[in-house]
Each structure stands twice: as C-alpha cells, then as structure tokens.
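# Chains, contacts and geometry: an overview
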Amino acid sequence: MDLFEKIYSGQRISAKEAMELKNASLYDMSGLASARLKMADASGEVGYIVNRMINYSNVCMAQCKFCAFHARAGRVNAYTMSDDEIFNLCREAVERGGTQIMLQGGLHPKFKLGWACALLRRIKEAFPKLWLHVFSPSEIVWFARGEGISVLECLSRLKESGADSVPGAADMLIGRIRSQLCNNKCTVAEWRQVMEALSKLGMYSSATMTFGLGETFAERIEHLDIVRQIQDQTGVFKAFIAWPVSPENTAIEGRFARVGAPEFLHTLALSRIYLDNVKYVQSGWLTEGLKMAEVALNFGANDVGGVLMNEMVVRAAGIDNRATAENMRRVIVNAGKIPRERDGLYKTIS
Ligand code: SF4
C-alpha cells in the first residue's frame, strides 16, 4: 500500500512516512487533509467562539527573540493593567456576548500565583458562566517556580480559583530552537508536565505550533509527534493550532524569511494528517488573515478560533487583523461550510 492510500484509508502514519509528504503538492495535501478531516468530523461544520484576549502586561523576563510584544523588544512601552482594568474588560466582553476570556501576559516579576488566583476568583464569582482559558504553560511554570511548588499543585490552585482551561502556547517543542530563541521560557519537559497535570485535574488545553523559526521539516514532524504522543496518553488537547511566526519588529527580523501562504497551507494539512487523534484543527486567521482562513478550511481545518477582541501580541508585530462574529460566519460560509458558535469545550452554542 502506498502512503496516499494509507492516509486515505485512515491509518496512522509514522514520522518517517510523514517526511515523504515534504514535496507533496498543495493539491494532494488538500485532498489528503480533507479526507482525514471527514474521518475526524463528518459534520461539515466549522466552529468559532466569541472571546476576548486580555494581554495583561508586556513586562516579561523571558525576552524571547521572536516576540515583538514584550517591552524590552525596545519598540513598545511597558504597561501593566490593574486588576480593575482586567475585570472591566471581562464585564464588557460579557455585555458584548463574549463567552470566553483568554488571559495571557509576560513572565512579570511582580505577578505571583496569589495574584492570579485572587483575580480569577473575582472574575469567576462575578461571571460564573464565563469560560476562563488562562495562562500559558510558561506563565504557569513561572508561578510554580515562584512558589516553590509543583506544576500540578500550581494548576490545582488555579483550577480551584476558577481556571477552566489553558492555552497551549507551545512555540516549537524542539530543544535546539528553544535554547537559541526562548531559553527563559518553560522547557519541552516542563510543557509536557503542564499537559500531564491538566489531564490529571480533568482540564483541557489546545496544542499549538509556531513555525518559521529556522526549524527543519523533520523538526516540525518531531513537534507534531510530541503532541500526538501526549494526546494518546492523556486526551488533553481539544484542538491544534499552527501559525507562522511574525518576525517583524523582533530580534529575528531579517534572520528568517516569513513563511508564505503555500507553506502555511502545506503545514496545516500535514498537521491534520499527522494528528489523527485531535478532532479540531484551527485555521490561524490572526496572523494569516481572514481570506487565508477561508482557504485553510479546505486544508483540514474545522475551526476558526475566536474573534479575540483586543489581542495585542500579534499586533505588536505590526499585523492588525480583526474580526467580528459576523466576519467569522462569513468566512465559514464562503468556504462552503456550516458555521456554529461554540463554547470553550467546543460544544455548539448556536
Ligand atoms: S513570547 Fe511570551 S514569554 Fe516570550 S517574551 Fe513574549 S511575552 Fe514573554
């Protein structure tokens, strides 16, 4: 049986076999990914969520080289939101029909676990139905280190305070890349610990991959393989999201060429084909724009993510894509799919 037949028949492919897809045409990748999508989700529906991203501070001790958001990137002024400002953004999001808050910032020297728990409790008490998708694995490891406690204990306290799920924020799960570009963030082993702890606590995450960081094709597959292994062991991932890095205004600007549209679509399709155990794959409109999101829905994606009111991290790189729920529905219909508004657990709201 050749590789394409194996994929079309729904069998798992190995990392070695995935390497053979490196030179597959976009036409073939679209067909293969669409077939795999039908096996994962035959509904023809595409989800979106009305949510708000609150980037509470850009003061960050990690200083990742691919990040334009943190204040020491030198192009933006430092800011830190007060708890009242964050709370008011939550209230306004609820008033505008938002069902989920994403809370992410830098590794702030003054923000500790106690601050995070008190803030979550305040938000959850006021808005019990608001889904709190909060704090990246790096922030969680930062909080745990600050308290001298395990990742599991840290997450357990965040859960008790109201956290519902955690964004994946994996960047590239390749030690070579991390040591060069984001040496102060959580390690691959710590990222894995966060996912395992979430699973033990009955919580969920989304796996991500930020690519275009000088990694090889084989390293992209290695990243996908880590995600697939963890998902086999835990089932912790509700979705997978891949997007190219935006090098503009960062320390890697000019070092790596920006990933183009064909490579984005190829990588998205590869992710759908390889990750046979993840139901939802997102189309990454925030960095690639809404038009590309339409095309991506024919390369294995079945979710367009959130409207992300107020997102600031990608905007710091000079990319200012914005969307409303109506835009999301239009994208989905244009791609010939059926829109559905979903919640933080990917269940249909309407
Ligand atoms: S990517 Fe996140 S952890 Fe890294 S410097 Fe930017 S804000 Fe800090």
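Burial of the side chains of strand 3 (residues 100–103) extends over both faces: Gln100 and Met102 are buried on one face and Ile101 and Leu103 on the other. By the bridge criterion, four bridges tie strand 2 (residues 51–54) to strand 3 in an arrangement that is parallel. Residue Ile54 lies in a different strand from strand 3, and its bridge partner there is Leu103. Note that strand 3 and strand 4 (residues 131–134) share four bridges and pair parallel. When the bridges of strand 4 are listed, Gln100 appears paired with Trp131.

We now examine the environment of Gly98. In this fold, Gly98 is placed in the loop between helix 4 (83–95) and strand 3. Separated by 181 residues in sequence, Gly98 and Lys279 have C-alpha atoms that sit 24 Å apart. Contacts of Gly98, omitting those with residues within four sequence positions, involve Val50, Ala93, Leu130 and Met309.

The subject of this paragraph is the packing of helix 6 (residues 137–147) against helix 9 (residues 188–200). It is at 10 Å that the axes of helix 6 and helix 9 come closest, and there the two elements cross at 90°. Overall, the two elements helix 6 and helix 9 adopt an arrangement that is roughly perpendicular. Counted together, Pro137, Ile140, Val141 and Arg145 of helix 6 and Glu190, Trp191, Val194 and Met195 of helix 9 form the full contact between these two elements.

Attention now moves to the site of the ligand. Looking at the ligand, the residues that line it are Cys60, Ala62, Gln63, Cys64, Cys67, Phe69, His70 and Lys185. Partitioned by chemical class, the residues of the shell around the ligand number five nonpolar, two polar and one charged.

For helix 11 (residues 261–274), spanning 14 residues, the distance from its first C-alpha to its last is 20 Å, which sits close to the expected 20 Å at 1.5 Å a residue. Those residues of helix 11 that sit buried are Phe264, Leu265, His266, Thr267, Leu268, Ala269, Leu270, Ser271, Arg272, Ile273 and Tyr274.

When the terminal C-alpha atoms of helix 5 (residues 113–126) are compared, their 20 Å separation across 14 residues agrees well with the 20 Å that a helix rising 1.5 Å per residue should span. Those residues of helix 5 not exposed but buried are Leu113, Trp115, Ala116, Cys117, Leu119, Leu120, Ile123 and Lys124. Looking at the buried positions of helix 5, the neighbouring elements they touch are helix 4, strand 3, strand 4, helix 6 and helix 7 (151–161).

Turning our eyes to something else, we now look at the side chain of Lys6. Here Lys6 is to be found in helix 1 (residues 3–8). The exposure class of Lys6 is buried, given its relative accessible area of 18%. Beyond its immediate chain neighbours, meaning those up to four positions away, Lys6 contacts Met1, Gln11, Arg12 and Glu17.

Axis separation between helix 7 and helix 9 bottoms out at 9 Å; the angle between their running directions is 50°. Relative to helix 9, the element helix 7 is oriented oblique. The hand of the helix 7/helix 9 crossing is right-handed. Within the contact between the two elements, helix 7 uses Val151, Leu152 and Leu155 and helix 9 uses Gln193, Val194, Ala197, Leu198 and Lys200. Of the residues belonging to the contact of helix 7 with helix 9, the class tally is six nonpolar, one polar and one charged.

Counted by the stated rule, this structure contains 10 aromatic pairs. Relative to Trp115, the ring of Tyr56 has its centre 5.1 Å away and its plane inclined at 50°; by these criteria the two rings are tilted. Placement of the pair is Tyr56 in the loop between strand 2 and helix 4 and Trp115 in helix 5, with a sequence separation of 59 residues. In this structure, Tyr56 and Trp115 share a single accessibility class: buried. Within the aromatic cluster, the residues linked to one another by ring pairs are Tyr56, Phe111, Trp115, Phe135 and Phe143. Positioned above the aromatic ring of Tyr274 is the side chain of Arg228, whose terminal nitrogen or guanidinium carbon lies 3.8 Å from the ring centre. When the ring centre of Tyr204 is taken as origin, the NZ or CZ atom of Lys238, which lies over that ring, is 4.4 Å away.

Cut-off values and rules
Residues numbered from 1 in each chain as written. Predicted model: local features only at pLDDT ≥ 70, side-chain atom pairs only at ≥ 80, totals over all residues. Heavy atoms only, no water. Buried < 20%, exposed > 50% of the residue type's maximum accessible area, 1.4 Å probe, protein only. Helix = DSSP H or I, 4+ residues; strand = E, 2+ residues; numbered from the N terminus. Pairing = 2+ DSSP bridges. Contact = heavy atoms within 4.5 Å. Axes fitted to C-alpha atoms, helices over the stretch in contact; angles between N-to-C directions. Parallel < 35°, antiparallel > 145°, perpendicular 65-115°, else oblique. Near = heavy atom within 4 Å. Nonpolar A, V, L, I, M, F, W, Y, C, P; charged D, E, K, R; others polar. Expected span 1.5 Å × (residues − 1). Left-handed = near helix turned anticlockwise from the far one by under 90°. Phe/Tyr/Trp six-rings, centres within 6.5 Å; stacked < 30°, edge-to-face > 60°. Lys NZ or Arg CZ within 6 Å of the ring centre and 35° of its normal.

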